[in-house]
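Overview (structure and organization)
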Amino acid sequence: MTVTGTPAPPTPSATRRIAGVGLATASGVAVAVQSRINGELGVRLADGIAAAVVSFGVGLLVLLVLVPATPGGRRGLVALRAALADGALRPWQCLGGVCGAFLVATQGLTIGTLGVAVFTVAVVAGQSGSSLAVDRAGVGPNGRQPVTAQRLAGAALTVVAVLLAVGDRLGDPGTLGLALLPLLAGVAIAWQQAVNGRVRMASGSALTATLVNFAVGMAALLATFAVDVAVRGWPAGDLPTEPWLYFGGPIGIVFIAVAAAIVRFTGVLLLGLASIAGQIVGAVLLDVLLPTTASHPSVTTLLGAALTMVAVLVAALAPPAPRRPGHPA
């Protein structure tokens, strides 16, 4: 049984877990692109909260058109309402969007100062440990996942790999306090992925789960933005004219939908490690193909990216522990 009292789902096959890892890695590459976009948008607007509102707002508008227009989306909305009404899904399990909003806000608030590298280190550190805890507590749709030595080694190796990749950029002690925000965002990501997986299972639609995520996140961001405007005034920057700066929201749709769809096959930890690997690879590719003034990929950066992929394989190839009959999952 799961923590909600529903029967534990069957253990996913190795093929599905490996396929899930591939999709999660690809979505992680997209997150690296999103971080670059939202970080630049925050700089242009001179307000990270405003950048997050714009990013989430564009994504929400796309979903408000897409979900009702698709049969699966419409069925998902009906199933979601029924699941909330009969208690199969609890209201607090629909709040993953708050964590997503926090992550997007930290992109706009900190990447301009920290850079993508330090931002990624902080997120990884929070996400790796939190994923272990979330899996162990059984918050995700596939119930409790034991903290085996191989899974723990994969999480620890991921942190080492990312530190190796970007260690030459951590010399400024003034960045450590600001890095606390993405660290907390990384902790929140694991919980977001778990509860969004629950919403997807209840609704039967990854698009519906993504719409719930964006709607909740947008509400949280608008409330935060109202306070921000009241305290600091309207953002000093103007809306940019380059269309690519508005693609952060649609990229977020892909990431959230993929995560909600595959977390039941991978578990929260493996999903997080695979997306981390994608983020590192994506960051390296961005630095090489679309360099900025802060881009300087070194040999250690490339070695760290390769080691991250090894870490994911260590965790991915760990056989799932069998559930004991009658034991809570």
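Each chain has its residues counted from 1, following the order in which its sequence is written. Only residues with pLDDT of at least 70 get local features here, since the model is predicted, and only at 80 or more are side-chain atom pairs given and counted; chain-wide, interface and lining totals rely on the full set of residues. The side-chain numbers reported here are obtained from all heavy atoms of the structure, hydrogens and water having been left aside.

Looking at a nonpolar patch on the surface
Operational definition: For patches, a residue must show more than 30% relative accessible area and have no salt bridge; joins then use 9 Å for like charges and 5 Å for nonpolar side chains, namely Val, Leu, Ile, Met, Phe, Trp and Tyr. Values of accessible area rely on a 1.4 Å probe in the Shrake-Rupley scheme; residue burial ignores everything except the protein chains shown. Definition used for salt bridges: Asp or Glu carboxyl oxygen within 4 Å of a side-chain nitrogen of Lys or Arg. Counting from the N terminus, the helices are DSSP H or I runs at least four residues long and the strands are E runs at least two residues long.
Together, Leu-285, Val-288, Leu-289 and Leu-290 make up a nonpolar patch on the protein surface, roughly 400 Å² of accessible area in all. Assignment of secondary structure puts Val-288 in helix H9 (residues 248–289).

Here we look at the pattern of salt bridges
Operational definition: Relative accessibility decides the category of a residue: with a 1.4 Å probe and only protein chains considered, values under 20% of the type maximum give buried, values over 50% give exposed, and everything between is partly exposed.
Within the structure shown, the criterion is met by 4 salt bridges. In this structure, Glu-40 engages Arg-44 in a salt bridge whose closest nitrogen and oxygen atoms are separated by 2.8 Å. One end of the pair, Glu-40, and the other, Arg-44, are both in helix H1 (residues 14–45), 4 residues apart, so they sit about a helical turn from each other. Its relative accessible area of 27% is what places Glu-40 among the partly exposed residues. Looking at Arg-44, the relative accessible area reads 31%, which means it is partly exposed. Between Arg-232 and Asp-228 there is a salt bridge, and its shortest N-O distance comes to 2.8 Å. In this pair, Arg-232 and Asp-228 are both assigned in helix H8 (residues 206–232), 4 residues apart and thus about one turn of the helix distant. In the salt-bridge network here, residues are joined through shared partners; they are Glu-40, Arg-44 and Glu-242.

Concerning the nonpolar core
Basically, it comes down to this: Remark: nonpolar core denotes a set of buried residues (Ala, Val, Leu, Ile, Met, Phe, Trp, Tyr, Cys) joined through side-chain atoms within 4.5 Å.
In terms of nonpolar packing, the biggest core is built from 29 residues, with Val-134, Val-162, Val-268, Leu-271, Leu-273, Ile-276 and Val-312 touching the most fellow members. Listing elements by their share of this core, those giving two or more residues are H1, helix H4 (96–137), helix H5 (149–166), helix H7 (180–203), H9 and helix H10 (299–316). Ranked by residues supplied to this core, first place goes to H9 with 14 residues.

Things to note about the packing of H7 against H8
For clarity, the threshold we go by: Orientation is described by lines fitted to C-alpha atoms, with helices fitted over the stretch in contact, and by angles between N-to-C directions that extend from 0 to 180 degrees. When describing relative orientation, an angle under 35 degrees is termed roughly parallel and one over 145 degrees roughly antiparallel, while 65 to 115 degrees is termed roughly perpendicular and anything else oblique. Crossing handedness is defined as follows: a turn of the near helix away from the far one that is anticlockwise and smaller than a right angle gives a left-handed crossing, while the clockwise case is right-handed. It only takes one pair of heavy atoms within 4.5 Å for two residues to be counted as in contact.
One way to put it is that H7 packs onto H8 with a least axis distance of 8 Å and a crossing angle of 130°. With respect to H8, the axis of H7 lies oblique. As for how H7 packs across H8, the hand of that crossing is right-handed. Contacts from Gln-192, Asn-196, Val-199, Arg-200 and Ser-203 of H7 reach H8 at Ala-206, Thr-208, Ala-209, Val-212 and Asn-213.

Notes on unusual backbone geometry
Across residues other than glycine, the phi torsion is negative in most instances, and most of the peptide bonds are trans. The backbone of Ala-46 sits at a positive phi, close to 60°, despite the residue not being glycine. Among the secondary structure elements, Ala-46 is positioned in the loop between H1 and helix H2 (48–69).

Looking at the confidence of the model for the protein
Let me state the cut-off plainly: A score between 0 and 100, pLDDT records how confident the predictor is in each residue.
Chain-level pLDDT for the protein is 82 on average; 85% of the residues reach the 70-or-more range. In the predicted structure, residues 1–7 sits below a pLDDT of 50 and forms 20 contacts with residues beyond four places in sequence or in another chain. Segment residues 323–329 is flagged for pLDDT under 50; beyond a separation of four residues in sequence, or across chains, it makes 17 contacts in the model.

Description of the packing of aromatic side chains
The following threshold applies: For Phe, Tyr and Trp, where Trp contributes only its six-membered ring, two rings pair if their centres lie within 6.5 Å, and the inter-plane angle classes them as stacked under 30 degrees, edge-to-face over 60, or tilted in between.
Taken as a whole, this structure holds 3 aromatic pairs when the rule is applied. Considering the side-chain rings of Phe-225 and Trp-234, the 5.6 Å spacing of their centres and the 65° angle between planes classify their relative orientation as edge-to-face. Judged by relative accessible area, which is 14%, Phe-225 ranks as buried. The exposure class of Trp-234 is exposed, given its relative accessible area of 65%.

Here we look at the packing of H1 against H9
For clarity, the threshold we go by: All amino acids are sorted into three groups, where Ala, Val, Leu, Ile, Met, Phe, Trp, Tyr, Cys and Pro are nonpolar, Asp, Glu, Lys and Arg are charged, and the leftover types, Gly among them, are polar.
The N-to-C vectors of H1 and H9 enclose an angle of 45°; their axes lie 3 Å apart at closest approach. One element, H1, and the other, H9, form an angle in the oblique class. Grouping the constituent residues of the contact of H1 with H9 by class yields 19 nonpolar, 13 polar and 4 charged.

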